Amino acid sequence: LVDASFVEGLIIADSALHEQLLSKEHLVETVDKLGLNRRGVVTARRVARCADGLLESGGESKARALMIERGWQTPVEPGRPYRVDYLWRVGDRLIIGEFDGFVKSEKAAEEGKLAKTQFDERQRESRLSLLDNCKIVRLCWDDLRDPTKFDRKLKVAGVPRAC
């Protein structure tokens, strides 16, 4: 993590936690222990504090890293029967963020299950949209490549800025 940017480091750390290669506590302790007086330790400590093993893809991690870097409030854990990629509670409203990559669709197509996967995704989103005072914002790789577009989508959706 010493030579990685915050975004790159968070993608790596999230993946390591998701794959249960280490615990968050171990990551934080290791960075603190091995990072003394080393170049990049400030970034590495920030990565360790922000790492989250719940994210399931590099795209989800990169989107969250950009949210943090660009001053957006970070999502809270949903506590609902459906796992969502990102969730913000704004007063009595919910804003759900979903990152759409191609991996799930490509895998489903290879297995001959694309139509079923797409149907299931539409049904899931339909059920989520029925929640009271809920808005869904979809993010994709193009948004991550264009920070202005990324910011605009989050702003229009009503995602609050970090304090």
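Since we're looking at a predicted model, the values are computed, not measured.

Each value, and the rule that gives it
- Residues numbered from 1 in each chain as written.
- Predicted model: local features only at pLDDT ≥ 70, side-chain atom pairs only at ≥ 80, totals over all residues.
- Heavy atoms only, no water.
- Phe/Tyr/Trp six-rings, centres within 6.5 Å; stacked < 30°, edge-to-face > 60°.
- Helix = DSSP H or I, 4+ residues; strand = E, 2+ residues; numbered from the N terminus.
- Lys NZ or Arg CZ within 6 Å of the ring centre and 35° of its normal.
- Salt bridge = Lys/Arg side-chain N within 4 Å of Asp/Glu carboxyl O.
- Buried < 20%, exposed > 50% of the residue type's maximum accessible area, 1.4 Å probe, protein only.
- Core = buried A, V, L, I, M, F, W, Y, C linked by side-chain atoms within 4.5 Å.
- Contact = heavy atoms within 4.5 Å.
- Axes fitted to C-alpha atoms, helices over the stretch in contact; angles between N-to-C directions.
- Parallel < 35°, antiparallel > 145°, perpendicular 65-115°, else oblique.
- Left-handed = near helix turned anticlockwise from the far one by under 90°.
- Nonpolar A, V, L, I, M, F, W, Y, C, P; charged D, E, K, R; others polar.
- Pairing = 2+ DSSP bridges.

Undergrad: Teacher, can you tell me more about the packing of aromatic side chains here?
TA: When we look at a pair of aromatic rings, we describe it by the centre distance and by the angle of the planes. Taken as a whole and judged by the stated rule, the model has two aromatic pairs. For the ring pair Phe99 and Trp141, a centre distance of 5.4 Å and an interplane angle of 85° mean the geometry is edge-to-face. A residue pair is termed long-range when its members are at least 10 positions apart, and Phe99 in strand β2 (residues 93-100) and Trp141 in helix α7 (residues 141-145) qualify at 42 residues. Geometry around Phe6 places Arg46 over its ring, the cationic atom sitting 4.2 Å from the centre. Sitting over the ring of Trp72, Arg161 keeps its end group 3.9 Å from the ring centre.

Undergrad: Explanation requested: the pattern of salt bridges in the structure shown.
TA: Side chains carrying opposite charge are able to pair once their charged atoms draw close together. By the definition in use, this model includes seven salt bridges. For Asp143, the salt bridge is made with Lys153, and the minimal N-O distance between the two is 2.8 Å. Here Asp143 is found in helix α7, whereas its partner Lys153 is found in helix α8 (residues 147-157), with ten residues between them in sequence. Judged by relative accessible area, which is 0%, Asp143 ranks as buried. The class for Lys153 is partly exposed, based on a relative accessible area of 28%.

Undergrad: For this particular structure, what's the right way to read the nonpolar core?
TA: The tendency in soluble globular proteins is for nonpolar side chains to be buried as a group. If you look at the biggest cluster of nonpolar residues, it comprises 29 residues, and the most contacted ones within it are Ala63, Met67, Tyr86, Leu139, Phe150 and Leu154. Those elements that provide at least two residues to this core are α1 (6-18), α2 (24-34), α3 (41-50), α4 (58-69), β1 (86-90), β2, β3 (134-140) and α8. Setting aside its immediate chain neighbours within four residues, Phe150 contacts Ala63, Leu66, Met67, Arg70, Trp72, Leu139, Asp143 and Leu144. In this structure, Val84, Leu87, Leu94 and Leu128 belong to the second largest nonpolar core, which totals six residues.

Undergrad: I tried to follow the packing of α1 against α4 on my own but got confused; where do I start?
TA: For any two helices packed against each other, the geometry is given by the interaxial angle and the distance between the axes. Two elements in contact, α1 and α4, have axes whose closest approach is 9 Å; the angle formed by their N-to-C orientations is 135°. The orientation of α1 relative to α4 falls into the category oblique. At the point where α1 passes α4, the crossing takes the right-handed sense. Residues Phe6, Val7, Leu10, Ile11 and Asp14 of α1 pack against Gly58, Ser61, Lys62, Arg64, Ala65, Leu66, Ile68 and Glu69 of α4. When its residues are assigned to classes, the contact of α1 with α4 shows seven nonpolar, two polar and four charged.

Undergrad: What exactly am I supposed to notice about the pairing of β2 here?
TA: Strand residues, when the strand is regular, have side chains that alternate between the two faces of the sheet. Along β2, six of the eight residues are buried, which leaves the element largely enclosed by surrounding structure. The turn linking β1 back onto β2 is made up of two residues, and Gly91 within it adopts a positive phi angle of 65°. Taken together, the seven bridges between β2 and β3 define a ladder with parallel strand orientation. What sits directly across from Asp100, in β3, is Cys140.

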